[in-house]
Amino acid sequence: MKVCVLGSGSWGTALAQVLIDNHVDTIIWGKDENEVNDINLQHKNTKYFGDDVILNEKLIATTDINCVRDADLVLLAVPSIAIESVCKMINPLLEKQVIVINVAKGFHPETHERLSVVIKRFMDQSKLKDVVSLIGPSHAEEVIQRLLTTVNAVCENEESAILVQKLFSNDVFRVYRNTDVVGAEIGVALKNVMALASGVLSGLDQGDNARAALMTRGLAEMSRYGIAQGGRPETYLGLTGVGDLIVTCTSHHSRNFQAGYQIGKANSATDFLMNNHKTVEGVKAAKVVYEEAQKQGIEMPITEEVYKVLYEDKKPSEAIRDLMSRELKSEEN
Ligand SMILES: NC(=O)C1=CN([C@@H]2O[C@H](COP(=O)(O)OP(=O)(O)OC[C@H]3O[C@@H](n4cnc5c(N)ncnc54)[C@H](OP(=O)(O)O)[C@@H]3O)[C@@H](O)[C@H]2O)C=CC1
Ligand SMILES: O=C(CO)COP(=O)(O)O
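Cut-off values and rules
- Residues numbered from 1 in each chain as written.
- Chains lettered and ligands numbered in written order.
- Predicted model: local features only at pLDDT ≥ 70, side-chain atom pairs only at ≥ 80, totals over all residues.
- Heavy atoms only, no water.
- Near = heavy atom within 4 Å.
- Polar contact = N/O pair within 3.5 Å; in protein donor to acceptor, adjacent residues only side chain to side chain.
- Areas by Shrake-Rupley, 256 points an atom, 1.4 Å probe, with all protein chains shown as cover.
- Helix = DSSP H or I, 4+ residues; strand = E, 2+ residues; numbered from the N terminus.
- Expected span 1.5 Å × (residues − 1).
- Buried < 20%, exposed > 50% of the residue type's maximum accessible area, 1.4 Å probe, protein only.
- Pairing = 2+ DSSP bridges.
- Contact = heavy atoms within 4.5 Å.
- Axes fitted to C-alpha atoms, helices over the stretch in contact; angles between N-to-C directions.
- UniProt positions renumbered as here; feature names shortened; annotations may be inferred.
- Parallel < 35°, antiparallel > 145°, perpendicular 65-115°, else oblique.
- Left-handed = near helix turned anticlockwise from the far one by under 90°.
- Lys, Arg positive; Asp, Glu negative; His and termini not counted.
- Salt bridge = Lys/Arg side-chain N within 4 Å of Asp/Glu carboxyl O.
- Phe/Tyr/Trp six-rings, centres within 6.5 Å; stacked < 30°, edge-to-face > 60°.
- Lys NZ or Arg CZ within 6 Å of the ring centre and 35° of its normal.
- Nonpolar A, V, L, I, M, F, W, Y, C, P; charged D, E, K, R; others polar.
- Domains from an automatic or database assignment.

Draft legend 1. Examining the site of ligand 2 more closely. Taken together, 13 residues sit near ligand 2, with Lys105, Lys191, Asp244, Ser254 and Asn256 positioned nearest. At a separation of 2.7 Å, an oxygen atom of ligand 2 approaches a polar side-chain atom of Lys105. In the model, an oxygen atom of ligand 2 is placed 3.2 Å from a nitrogen or oxygen of the Gly136 main chain. Look at ligand 2: alone it shows 300 Å² of surface, and the protein chains cover 92% of it.

Draft legend 2. Representation of helix α8 (residues 181-203). Between the first and last C-alpha of α8 there are 34 Å, a value that for 23 residues agrees with the 33 Å anticipated at 1.5 Å per step. For α8, a buried count of 23 out of 23 residues is recorded, marking the element as mostly surrounded by other parts of the structure. Phi turns positive, to about 65 degrees, at Asp205, one or two residues after α8.

Draft legend 3. Looking closely at the sheet that holds strand β5 (residues 98-102). Read across the open sheet, the eight strands follow the order β3-β2-β1-β4-β5-β6-β7-β8; overall the sheet is mixed. Strand pairing shows two members of the sheet lacking a second neighbour, β3 (61-62) and β8 (173-178), which therefore form its edges. Lying on the sheet, helix α1 (residues 10-21) is in contact with β1 (2-6), β2 (25-29), β4 (73-76), β6 (128-135) and β8; it crosses β2 at an angle near 165 degrees. Against the sheet, helix α7 (residues 158-168) engages β1, β4, β5, β6, β7 (149-154) and β8, with an angle of about 175 degrees to β8.

Draft legend 4. Structural view of the UniProt feature "binding site: sn-glycerol 3-phosphate" (unreviewed entry) in the chain. Residues annotated in UniProt with the feature "binding site: sn-glycerol 3-phosphate" (unreviewed entry) correspond here to Lys105, Gly136, Ser138, Lys191, Asp244, Ser254, Arg255 and Asn256. For Lys105, the location among the structural elements is in the loop between β5 and α5 (115-122). Excluding anything up to four places from it in sequence, Lys105 contacts Leu115, Ile135, Gly136, Ser138, Val188, Ala189, Lys191, Asn192, Asp244 and Glu281. Inspection of the secondary structure puts Ser138 in the loop between β6 and α6 (140-143). Dropping the residues within four chain positions of it, Ser138 is found in contact with Trp11, Lys105, Val143, Thr149, Val151, Asp244 and Val247. A polar atom in the side chain of Ser138 sits 3.0 Å from the backbone oxygen of Gly136.

Draft legend 5. Layout of the UniProt feature "binding site: NAD(+)" (unreviewed entry) in the chain. Under the feature "binding site: NAD(+)" (unreviewed entry), the UniProt entry names Gly7, Ser8, Gly9, Ser10, Trp11, Gly12, Ala140, Arg255 and Lys278. Checked against the element boundaries, Ser8 lands in the loop between β1 and α1. Contacts of Ser8, omitting those with residues within four sequence positions, involve Thr13, Ile28, Trp29, Gly30, Glu35, Ile39, Asn45 and Tyr48. You can see Trp11 is positioned in helix α1. When residues no more than four places from it in sequence are discounted, the contact partners of Trp11 are Ala77, Val103, Ser138, His139, Ala140 and Val143.

Draft legend 6. Region of interest: the packing of helix α4 (residues 83-90) against α5. It is at 9 Å that the axes of α4 and α5 come closest, and there the two elements cross at 30 degrees. It follows that α4 is roughly parallel to α5 by the angle criterion. With respect to the hand of their crossing, α4 and α5 are arranged in right-handed fashion. Only Leu115, Val118, Ile119 and Phe122 of α5 make contact with α4, whose side of the interface consists of Ile83, Glu84, Cys87 and Lys88.

Draft legend 7. Spotlight on the side chain of Arg211. As for its placement among the helices and strands, Arg211 is situated in helix α9 (residues 208-228). Summary of buried charges: Arg211 has no salt-bridge partner, and the nearest side chain of opposite charge, Asp208, is 4.4 Å away. Beyond its immediate sequence surroundings of up to four residues, Arg211 is in contact with Ser198, Leu201, Ser202, Cys249, Thr250 and Phe257.

Draft legend 8. Examining the packing of aromatic side chains more closely. Inspection of every chain in the model, using the stated rule, returns three aromatic pairs. Geometrically, the ring pair formed by Phe168 and Phe173 is tilted, given 6.5 Å between the ring centres and 45 degrees between the ring planes. On the accessibility criterion, Phe173 (2% relative accessible area) is buried. Arranged with centres 3.8 Å apart and planes meeting at 10 degrees, the rings of Tyr290 and Tyr307 form a pair that is stacked. Of this pair, Tyr290 sits in helix α13 (residues 281-296) while Tyr307 is found in helix α14 (residues 301-311), placing the two residues 17 residues apart along the sequence. Given the relative accessible area of 15%, Tyr290 is considered buried. Among the aromatic side chains, those forming a connected cluster through ring pairs are Tyr290, Tyr307 and Tyr311. Its end group placed over the ring of Tyr176, Arg174 keeps NZ or CZ at 4.8 Å from the ring centre.

Draft legend 9. Inspection of the site of ligand 1 at higher detail. Surrounding ligand 1, one finds 24 residues, the nearest of these being Ser10, Glu35, Ala140, Thr279 and Glu281. Between ligand 1 and Lys105, the relevant distance is 3.0 Å, taken from an oxygen atom to a main-chain nitrogen or oxygen of the residue. One nitrogen or oxygen atom from the side chain of Arg255 is found 2.8 Å from an oxygen atom belonging to ligand 1. Burial of ligand 1 by the protein amounts to 85% of the accessible area it has alone, namely 890 Å². Every element with two or more residues in the shell around ligand 1 is listed here: α1 and α3 (46-49). In terms of residue class, the shell around ligand 1 is made up of eleven nonpolar, six polar and seven charged. Lining the shell around ligand 1 are residues from two domains, each supplying at least three of them: domain 1 (2-179) and domain 2 (182-325).

Next comes the structure, spelled out in structure tokens:
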């Protein structure tokens, strides 16, 4: 089994190290020569993990995309906006049918499709055996240090999920599996919007009560939206629902949380949007989910306010005021 990891950023590097630790034949492809040299020569990925984290010395990377040719599994570790172009790039190169492992959390920015749907649409059918999403509460900064982590291998076909589960699991990285592709992919994409909102609350000096409220009502919103798309309610009580929501809404590792914090501190999204170069998936997801919810008539008050802060220049303090002054309602519906 050979795995080719596409993307030499934080998550691609951390997951490639899990595989190397498990003695799986693995190579990382990256487009940035400096990152690739850093991994190969210094055993570091300084850009993403700083100078102190030393990678497994067996981890290798290349800028030559031909490394994908003889892969059995291809792991896509690029942001959701790049999934389409990366699929198109590898199609003509693949010599075997592959299982594509998706680890990105988001939607297609224009069609609003879930990412496994995007992959199935843009990969040649003759080259694609299956798509498995490997998703859950997992910050790369902790996985790279081999801190305990659990995720889900999500696929309708359990055989493919089991293969991925076995490939990645070890003493510190435990992989469950789940067949609710719709519920799980929507859960992990929407929690990024809630993490942004959680960061905003902290930036505005709100406390633990506010965060508990945000996470609880955010989970209600995630499941309402996911169930309307065909996801299963119980998925939102699992790793790709409440699990990922907790880790992203409470961790300073989260770039979505950090983005929200910056926006809350400035009481405006303008500076953040002008200067951000990091992968902050919640920004695009907020737009996709807001537009879909409007179209489908789904009540998504937190997502709507995050959207207005990001895209309509609404002040976060006003967004919170509007959320708190909504018509009083029962929690039961
Ligand atoms: N980091 C984490 O803890 C986790 C991340 N994820 C998800 O994984 C996905 C990838 O994020 P992550 O690794 O964190 O992001 P990073 O920003 O750390 O890395 C992204 C990588 O993708 C590369 N890239 C960006 N655009 C393209 C493109 N068009 N073609 C090829 N390569 C491209 C970047 O290259 P360059 O460096 O040259 O810019 C970089 O190597 C996201 O959807 C994220 O939500 C999921 C769970 C955990
Ligand atoms: O998805 C993640 C953790 O599960 C990573 O979150 P951020 O993209 O906000 O850093």
